Amino acid sequence: MSLEGTDSSVLSRERYESLLDAAETYREALVVQLCGDVGLRPTELTELTIERVEQVRIEPPRYLIRVPAVDGRSGRTAYLPTHVERELRRYAQSNGLSTDDRIFPVTARRLQMLVSDVADRASELYDQPALADLSTSDLRQFFARTALVDHAVNPRVVKTVGGWGSFEALEPYLPEPTDAEIVDAFDATERPSGPGHGRSRTQAGPMVSDDSVIRLLLAASDRYALIRLDADGYVERWNRSAASMFGYRASEIVGTHISTFYTDDAVNDGVPERALSAALEETGYENEGWRVHKDGSQFRATDVISPLRDDRGRHRGFAVFVRDVSASHAELEGVRSRRDELERRYAVARAHRAVARSLLESTDHEEVETRTCTALTGGRAYEYAWIDRATVTDRRTDWRASSGIEPTDVDRLVPEQWLEDGPTTDDGSAAVSVVTDVSLDVENGDNGASADKTGAIARVPLPYGDTVYGTLTVVTDRPAAFDADERQWLETIGEQVGYAIAAIRRRNLLLSDRVVELEFACRDDDSFFVDASQRLGCRFELDSLVPISESTQLYYLRLQGASPADVFDLAADDPGIDDCRLVETDEDGWRVEFVVEGSSPTLTLTEYGVTVLNAATEDGLTTITAESAADADLRTILAGLRSGFPNSELVGKREAERTVQTAREYREGLEDRLTDRQEASLRAAYFGGYYDWPRESTAEEIADAMGVSSPTLHNHLRKGQHELLRTFFDDPSGESSTNN
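If you're wondering where the values come from, they're calculated on a predicted model, not measured in any experiment.

Is there a simple way to explain the sheet that holds strand E3 (residues 76-80) in this structure?
Strand pairs in the sheet, formed through backbone hydrogen bonds, run parallel or antiparallel to each other. Taking strand neighbours across the sheet as the criterion, the three strands line up as E1-E2-E3 in an open arrangement whose pairing is antiparallel. Every interior strand has two partners, whereas the edge strands, strand E1 (53-57) and E3, have only one. Ignoring strand direction, the axes of neighbouring strands in this sheet form an average angle of 35°. Summarising the sheet, strand E2 (residues 62-67) and E3 pair through five bridges and their orientation is antiparallel. By the bridge assignment for E3, Ile-65 is matched with Ala-78.

Pasting the structure below:
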């Protein structure tokens, strides 16, 4: 359609708004506005950059576009409405465009197609078929009509900013003047004329002066201010940028010293005077620090102070350029805080790794504790560390390893609530206990220096199964120490140390040539068997003890003096007995099986590296015979047993040589227990593949090869296997079978 001619054929404001509403993207709306509100051609849009936008007035802000020369046309200056300028800059920022990047890096044909697509969409949305044929030329004509008719802009200005070559192109949009319009237009001719009356303002000088450039820069952001001081440092000139930044009106601040903008501490330290002196001596001075708003709030700023001199070089004052850097300072502080937090976490991680290495290098209980404390204080994670082995019965410390602090100074740091409470949670499970704001004022080191500071202290148990070997305590002056992650790390360290102690005790027992045979007496009715023997008048004798897990053991016992049913009834009410059953009955009593869950005297001794050999319970007394390595710390073992079962004592001990049975002696002893038929049956079954999986031979095939029946073979195999197992488990009570 042609928009030239009658008014009815020209794009109306209502239809133009419909076109903008039909734009689905930010880019589509911006292209329509640049054509319809600015009068740019598609070829000119393809060369448009933010760099070509200039602000030529501050209050109110006004903008121009320096349109490049394209398609043989000369360049021109177009007017950019304020609302379009905001949209243009927002689009450039959201797309990460620099000032010299093309805003629409496509062809002019692509932009024409974009406008056509928007027009088609508007035609369908608002049922206006005439919009479907709309083009970018129609939008430029809408721009001309709006400027000339609606806003009565000077036709010469419209011709210039729109890039039209002649006034004939604008003629269709200029209505015939009325009588009143003719009179008004020539009204100026009736006024007095004279020199200067007819001079155009635009001929007075350049549109943008150097001072205007400075004002433009200051108005571009509220984070910059320019202040003029006299020679003594008092405010001489105050502009809107300074008022916006500091909050003072000119009447409130002119004549006030520059120190008004500094903090009290900076003023007391003479910072403002030194800054002015340095500016004079060095022909300029730059520094950064805290500055103060009128309301007393502080912000971070960078000052550039330059001395002002007249044409004779005499000092006349200072120019102070202030930049608010609060945002970048806060970001930098945030980065530093995150860096410090990562360094603190890394220090904790290094301490954890150091503990793991030290545990691998330790050879006994005391070395585990000493190396652990040293590893924890070897870096920046912890100031002090110590490990206590404490008994429950007398609440005294038998042994304390420490690092970074003398053992005798430890008690000065321990919080009072820890003197009575154990390191457990409400449900009794092991946990990390933390106390903050602890005074670290202790005499430490050879020089006796006092550490006048506060910190946090954390304590974690050293468990293995149900046994707690002691407590590890660490102290640090790090801020925000012992968060959830660090507590988990400490809890893991405590478990690792507990495992290491248990492993070393067991290893030492296995490798020791000499052992100590121990006899313990336990009358603590927290033990089910002690309680049951006293209530039922029965006797329990341990046949075998099989560990199932860290806290569960399988007991095989000989029961005498009470029926299994009565014992099982008591066991049903005991939370420590998970299951029980009758295994067999003989003339001397019963063999019974118990699954014991949780703490028991035998389990506690096992966790301290002691091997239980025998245990018998009768009349409320359990007598346990066990053996440990010759160099084992018996006080610690007994303290550990008493921590769970206070009514226990060590009643005897003796050293003995450990007898080592060679493989040959084992085979010879086994041959003495097996009959010829049993040995022959086991050999035939083994080498014939009966024990392979899948089996190479069946029992019937082995029996047929030996010339015996299948039941006979099974009988020989069962008895032979029984002797093998009995010999392996070193059961001296059984007797060799003599059946063939």
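Still more ground to cover, so stick around.
Sorry, what's going on with the side chain of Asp-388 here?
The topology assignment puts Asp-388 in strand E9 (residues 384-390). Its relative accessible area of 11% is what places Asp-388 among the buried residues. Within polar-contact distance, the side chain of Asp-388 engages the side chain of Arg-400 at 2.7 Å.

When you look at unusual backbone geometry in this model, what are you seeing that I'm missing?
Most peptide bonds are trans, and most residues other than glycine sit at a negative phi. The peptide bond linking Trp-693 to Pro-694 adopts the cis configuration, its omega dihedral lying at 0°. Of note, Pro-694 is situated in the loop between helix H22 (676-687) and helix H23 (699-706). A positive phi angle, close to 50°, is found at Ala-152, a residue other than glycine. Assignment of secondary structure puts Ala-152 in the loop between helix H6 (136-150) and helix H7 (155-162). The exposed category is assigned to Ala-152, whose relative accessible area is 62%. Of note in this structure, Thr-283 is not a glycine but carries a positive phi near 55°. Take Thr-283: it is sitting in the loop between helix H13 (271-282) and strand E6 (285-292).

How should the confidence of the model for the protein be read in this particular structure?
Atomic detail in the predicted coordinates should be set aside for any region of low pLDDT. Per-residue confidence for the protein gives a mean pLDDT of 81, with 85% of residues at or over 70. Contacts of residues 198-209 to residues separated by more than four positions or lying in other chains number five contacts, the stretch itself having pLDDT below 50. Here residues 444-451 scores under 50 on pLDDT; set against residues more than four positions off or in separate chains, the count is 15 contacts.

It is not clear to me how the environment of Arg-41 should be interpreted in this structure. Could you clarify?
With respect to the helices and strands, Arg-41 occurs in the loop between helix H2 (26-36) and helix H3 (42-45). Sequence separation of Arg-41 and Ser-137 is 96 residues, and the distance between their C-alpha atoms is 7.7 Å.

How should I be thinking about the packing of H2 against H6 in this particular structure?
For any two helices packed against each other, one specifies the inter-axial angle together with the distance between the axes. Between H2 and H6, the shortest axis-to-axis distance is 7 Å and the interhelical angle comes to 50°. Compared by their axis directions, H2 and H6 come out oblique. Across the interface between the two elements, Val-32, Cys-35 and Gly-36 of H2 pack against Thr-136, Leu-139, Arg-140, Phe-142 and Phe-143 of H6. In terms of residue class, the contact of H2 with H6 is built from five nonpolar, two polar and one charged.

What should I look at first to understand the nonpolar core in this one?
As a rule of thumb, soluble globular proteins bury nonpolar side chains together. Membership of the largest hydrophobic core comes to 67 residues, with the highest contact counts inside it found for Leu-376, Tyr-382, Val-474, Phe-528 and Phe-594. With seven residues, the top contributor of residues to this core is helix H16 (residues 484-511). In this view, Val-474 contacts Leu-376, Tyr-382, Tyr-384, Ala-385, Ala-456, Ile-457, Ala-458, Phe-482 and Leu-490; residues no more than four positions away in its chain are not counted. Judged by nonpolar contacts, the second largest core, of 39 residues, contains Leu-20, Cys-35, Leu-114 and Val-118.

Explain the sheet that holds strand E5 (residues 235-237) to me, please; I cannot follow it from the model alone.
With antiparallel pairing, the five strands of this open sheet are ordered in space as E5-E4-E8-E7-E6. Looking at which strands have only one partner, the edges of the open sheet turn out to be E5 and E6. For this sheet, the mean inter-axis angle between neighbouring strands, taken without regard to orientation, is 40°. Judged from the nine bridges that link them, strand E7 (residues 298-309) and strand E8 (residues 315-324) form a sheet pairing that is antiparallel. When the bridges of E8 are listed, Ser-306 appears paired with Ala-319. Running over the sheet, H13 touches strand E4 (224-229), E6, E7 and E8 and is turned about 40° from E7. Against the sheet, helix H14 (residues 326-361) contacts E6, E7 and E8, and its axis sits at roughly 130° relative to E7.

Hey, could you run me through the packing of H2 against helix H4 (residues 82-94) in this one?
At their nearest, the axes of H2 and H4 sit 11 Å apart, and the two run at 145° to each other. Remark: the crossing between H2 and H4 carries left-handed chirality. Contact residues: Tyr-26, Arg-27, Leu-30, Gln-33 and Leu-34 in H2; His-83, Val-84, Glu-87, Leu-88, Arg-90 and Tyr-91 in H4.

Could you clarify how one ought to interpret a nonpolar patch on the surface in this entry?
A grouping of Tyr-686, Phe-687 and Tyr-691 is seen on the molecular surface, where their side chains present a nonpolar patch of about 390 Å² in accessible area. For Phe-687, the position within the fold is in helix H22.

Sorry, what's going on with the pattern of salt bridges here?
Side chains carrying opposite charge are able to pair once their charged atoms draw close together. In the structure shown here, the tally under the stated rule is 35 salt bridges. Glu-252 serves as the salt-bridge partner of Lys-294, at 2.8 Å between the closest nitrogen and oxygen. With Lys-294 in the loop between E6 and E7 and Glu-252 in helix H11 (residues 250-253), this pair connects stretches of sequence that are 42 residues apart. Residue Lys-294 is classed as partly exposed on the basis of its relative accessible area, which comes to 39%. On the basis of relative accessibility, which here comes to 30%, the residue Glu-252 falls in the partly exposed class. Each of Arg-41, Glu-44 and Arg-76 takes part in one network of salt bridges that share partners.

Parameters and conventions
- Residues numbered from 1 in each chain as written.
- Predicted model: local features only at pLDDT ≥ 70, side-chain atom pairs only at ≥ 80, totals over all residues.
- Heavy atoms only, no water.
- Pairing = 2+ DSSP bridges.
- Helix = DSSP H or I, 4+ residues; strand = E, 2+ residues; numbered from the N terminus.
- Axes fitted to C-alpha atoms, helices over the stretch in contact; angles between N-to-C directions.
- Buried < 20%, exposed > 50% of the residue type's maximum accessible area, 1.4 Å probe, protein only.
- Polar contact = N/O pair within 3.5 Å; in protein donor to acceptor, adjacent residues only side chain to side chain.
- pLDDT = per-residue confidence, 0-100.
- Contact = heavy atoms within 4.5 Å.
- Parallel < 35°, antiparallel > 145°, perpendicular 65-115°, else oblique.
- Nonpolar A, V, L, I, M, F, W, Y, C, P; charged D, E, K, R; others polar.
- Core = buried A, V, L, I, M, F, W, Y, C linked by side-chain atoms within 4.5 Å.
- Left-handed = near helix turned anticlockwise from the far one by under 90°.
- Patch = residues over 30% accessible without salt bridge, like charges linked within 9 Å, V, L, I, M, F, W, Y side chains within 5 Å.
- Areas by Shrake-Rupley, 256 points an atom, 1.4 Å probe, with all protein chains shown as cover.
- Salt bridge = Lys/Arg side-chain N within 4 Å of Asp/Glu carboxyl O.

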